[in-house]
Amino acid sequence: MSLLDFSSDVFIAAFFLYSGAFMLFTIAIMGRRWSGRKPEEHTARWGRIAFIASSLGLLCHMAYFITRWMGAGHIPVSNMYEFMTFLSMMVMVAFTVIFAIYRKIILGVFAVPISIIVMAYAAVFPQEVQPLIPSLKSIYLNIHVTLAALGESFFAVGFAAGLMYLLRTVNFDSKERSDRKQQRLIEFTLFSIIVIIGFLGSVFAFRGAGYESIFVRTNVTIDSPGQEDSTIEKVSYKMPPIVAPYHSEIESFQPFLGLQKPLFEAPSWMNGVNAGRKFNTVIWSLLSGLLLYGILRLAVRKPLGKAIHPVLDGIDENDLDEITYRAIAIGFPIFTLGALIFAMIWAQVAWGRFWGWDPKEVWALVTWLFYSAYLHLRLARGWQGRKSAWLAVLGFLIVMFTLVGVNLVIAGLHSYAGTD
């Protein structure tokens, strides 16, 4: 067995160990009401087992990282698959550090799924080892990417704790206008998470079914008066094409549930053969998320936030507020070093300038400014509790847009991170 084969095997083992740990953390919290033991004894016992499982998963995850590094000959953070797998590992590192400090079992119910979702998202991308492009052959790749991911992983834990705080403190039975607004915002946050899960579910379902439809488009460019040049672009859809690329033709089409052709064409401003495919992915994500959200709502027969709220009974809200702050306070200087300082040094080495207003650079700066504002408002203005929690939730949404939206949607010098 090669190192890369072993690396893939232990990565899968880490995924299942994390999944098992999440279920064990859930049993530790949910099962305390029906256990014959005292609730505290039940939670502590199953919590220890869950933490052992998550720690074993982290060891497997680290084994994946080391063996892939050895097998590839370079640090495995050079494309979206490798970076997302590394980020998920760092989320578990951050969770382990925060858990070791505060010993809050409930944190595992919310933090561990973030790592699981990121791992599943990584599996969407090609997993083959790819040679480094020239601009990535630098020691600053190791420093910049690893520190940035570690900082973002602590932001993820802060997000989990902040969301827990909101679910714990919002009065879901109140009819007051302010409380109703909080309830809707929490429900929208949970729906957004479910949309991501729905996207992953639909991707793996259609991939497992071997679905594929292909579109082609001819682009005509005028090189000089009287001379035209034409190129043919081809794009493969791995999900049924509800929307086709702008001005394209069908090369092959696999019907799905009576869908014999795309329902409509992408608008003209989505001028790019891949733009229609990305728009189609967004539509399927929303449809899958709506379906999954509807099923969950029918199952619990109440808003999801209201259904989760009782799980957090007895949890000290001040501890959750403290965890949110501490996680972000730890992550911020690490992120500053990795995503800004070493990133600018590397930009100077690779491109001859410290700053170039590349989209990834801009959104990294936006992220840094947002968390700077969070710490300022927390320390200087006394923004604690609910205000602090909402900032932690919003901040991580900005992080995810920087990681996913900028890499995959907006073209720039960092676009290589999202290509095959």
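Residues numbered from 1 in each chain as written. Predicted model: local features only at pLDDT ≥ 70, side-chain atom pairs only at ≥ 80, totals over all residues. Heavy atoms only, no water.

(A) Quick peek at the nonpolar core. Phe-25, Phe-95 and Ile-106 are the most contacted members of the largest nonpolar core, which totals 115 residues. For this core, the element with the most residues is helix 5 (residues 139-169), which contributes 17 residues. The contacts of Phe-25, once residues within four sequence positions are left out, are Gly-47, Ala-50, Phe-51, Ser-54, Phe-95, Phe-99, Ile-105, Gly-108, Val-109 and Val-112. Core analysis: the next-biggest nonpolar cluster, separate from the first, contains five residues, Val-235, Tyr-237, Ala-244 and Val-273 among them. (Core = buried A, V, L, I, M, F, W, Y, C linked by side-chain atoms within 4.5 Å. Buried < 20%, exposed > 50% of the residue type's maximum accessible area, 1.4 Å probe, protein only. Helix = DSSP H or I, 4+ residues; strand = E, 2+ residues; numbered from the N terminus. Contact = heavy atoms within 4.5 Å.)

(B) Just helix 1 (residues 3-30), in detail. Here helix 1 spans 40 Å end to end across 28 residues, near enough to the 40 Å set by a 1.5 Å rise per residue. Burial in helix 1 covers these residues: Ser-7, Val-10, Phe-11, Ala-14, Tyr-18, Ser-19, Gly-20, Ala-21, Leu-24, Phe-25, Ala-28 and Ile-29. (Expected span 1.5 Å × (residues − 1).)

(C) The arrangement of the pattern of salt bridges in detail. Scanning the model with the defined rule gives eight salt bridges in all. We note a salt bridge from Arg-217 to Glu-233, for which the minimum N-O separation is 3.2 Å. Of the two residues, Arg-217 sits in strand 1 (residues 213-224) while Glu-233 sits in strand 2 (residues 227-237), which places them 16 residues apart along the sequence. By relative accessible area, which is 27% here, Glu-233 ends up partly exposed. A salt bridge links Lys-234 to Glu-251, with the shortest nitrogen-to-oxygen separation between them at 3.3 Å. Of this pair, Lys-234 sits in strand 2 while Glu-251 sits in strand 4 (residues 249-252), and the two are 17 residues apart along the sequence. (Salt bridge = Lys/Arg side-chain N within 4 Å of Asp/Glu carboxyl O.)

(D) Region of the structure containing helix 3 (residues 80-102). The end-to-end C-alpha separation of helix 3 is 32 Å, in line with the 33 Å expected for 23 residues at 1.5 Å each. In terms of residue burial, helix 3 counts as a mostly covered element, since 19 of its 23 residues are buried. N-cap assignment for helix 3: the residue whose side-chain oxygen lies 3.2 Å from the backbone N of Tyr-81 is Asn-79. Looking one or two places after helix 3, you find Arg-103, whose phi comes out positive at around 55°. (Polar contact = N/O pair within 3.5 Å; in protein donor to acceptor, adjacent residues only side chain to side chain.)

(E) Broad picture of the environment of Ile-143. Here Ile-143 shows up in helix 5. Sequence separation between Ile-143 and Ala-343 is 200 residues; the distance between their C-alpha atoms is 8.7 Å.

(F) Focus on the environment of Phe-95. Inspection of the secondary structure assignment puts Phe-95 in helix 3. With 169 residues separating them in the primary sequence, Phe-95 and Phe-264 have C-alpha atoms 45 Å apart. In this structure Phe-95 touches Phe-25, Phe-51, Ser-54, Leu-107, Gly-108, Ala-111, Val-112 and Val-157, once residues within four positions along its chain are discounted.

(G) The arrangement of unusual backbone geometry in detail. Backbone geometry at Arg-103 places phi at a positive 55°, although glycine is not the residue there. Considering the arrangement of structural elements, one finds Arg-103 in the loop between helix 3 and helix 4 (106-122). Residue class for Arg-103 comes out exposed when judged on its relative accessible area of 55%. One non-glycine residue, His-247, adopts positive backbone phi at about 55°. On the secondary structure map, His-247 appears in the loop between strand 3 (243-244) and strand 4. By relative accessible area, His-247 is classed as exposed at 54%.

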